[in-house]
Every structure is written in structure tokens, then in C-alpha cells.
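# Close look at the chain arrangement
The chain contents come next:
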Amino acid sequence: MTADAEELTAGAAAELRGPNRLDWCLRTTKGGPDLRWADCNRRDGGCPHPHVIDHQCAAAAAPVPRPRTSRTSSVPEGQLTLD
């Protein structure tokens, strides 16, 4: 999993969440950063820890389709030939 480095509030991260994009609760432990499921909602209104969101790469441009050229066939209509 790769997350964006920008730290967000729990609410801001939840707004960016999608079917294929999760947000994570970021906690600092003795061992370093610890990412946890963002199910840390509390009764007092939210999680006090910063949150991060899965990184989403920009989609690569779709390849430009090659124009189709019509070829005449030496077989009768309704039959196929392998080239």
C-alpha cells in the first residue's frame, strides 16, 4: 500500500475515501509510523490522530486506436480466413 504523505483530519480523509481508495489512521509508535484501519471514530466527534489516504496515480492516456483499413477477401461472404 502506498499512501500520500499529506496528513489530513479524519473527516477530510473520509471525504476522499472511495471504493478503491481507503483512508488510514496514522499513529506514531516507538517503532515508527503505524497505519491502522480508519475505523477509529470516537463518541466525542472524531479521531485525534492524523489520517492519510491511499495514493491514486493519474491514469495513463489511452492509446490512440489505429485506423481500420478494409481489405477485400478472397473467400465468399460468411466464411473466415486466417492470415
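See the structure above.
## Some points on the pattern of salt bridges
Evaluation of the coordinates by the stated rule reveals three salt bridges. Here Arg21 and Asp4 are joined by a salt bridge, their closest N and O atoms 3.2 Å apart. Of this pair, Arg21 sits in the loop between α1 (10–16) and β1 (23–29) while Asp4 sits in the segment before α1, and the two are 17 residues apart along the sequence. Between Arg36 and Asp34 there is a salt bridge, with the nearest N and O atoms lying 2.7 Å from each other.

## A word on the side chain of Asp23
Tracing the chain through its elements places Asp23 in strand β1. Among all residues touching Asp23, those that are not within four sequence positions of it are Ala10, Ala13, Ala14, Arg17, Ala38, His51, Val52 and Ile53.

## Some remarks on the side chain of His51
Within the secondary structure, His51 is located in strand β3 (residues 51–53). We classify His51 as buried; its relative accessible area is 1%.

## Considering the sheet that holds strand β2 (residues 32–37)
Across the sheet, which stays open at both edges, the three strands sit in the order β2-β1-β3 with antiparallel pairing between neighbours. Edge strands, defined here as strands with exactly one partner in the open sheet, are β2 and β3. Ignoring strand direction, the axes of neighbouring strands in this sheet form an average angle of 40°. Across six bridges, the pairing between β1 and β2 is antiparallel. From the neighbouring strand, Thr29 faces β2, where its bridge partner is Gly32.

Here is what the cut-offs are and how they apply
- Residues numbered from 1 in each chain as written.
- Predicted model: local features only at pLDDT ≥ 70, side-chain atom pairs only at ≥ 80, totals over all residues.
- Heavy atoms only, no water.
- Salt bridge = Lys/Arg side-chain N within 4 Å of Asp/Glu carboxyl O.
- Helix = DSSP H or I, 4+ residues; strand = E, 2+ residues; numbered from the N terminus.
- Contact = heavy atoms within 4.5 Å.
- Buried < 20%, exposed > 50% of the residue type's maximum accessible area, 1.4 Å probe, protein only.
- Pairing = 2+ DSSP bridges.
- Axes fitted to C-alpha atoms, helices over the stretch in contact; angles between N-to-C directions.

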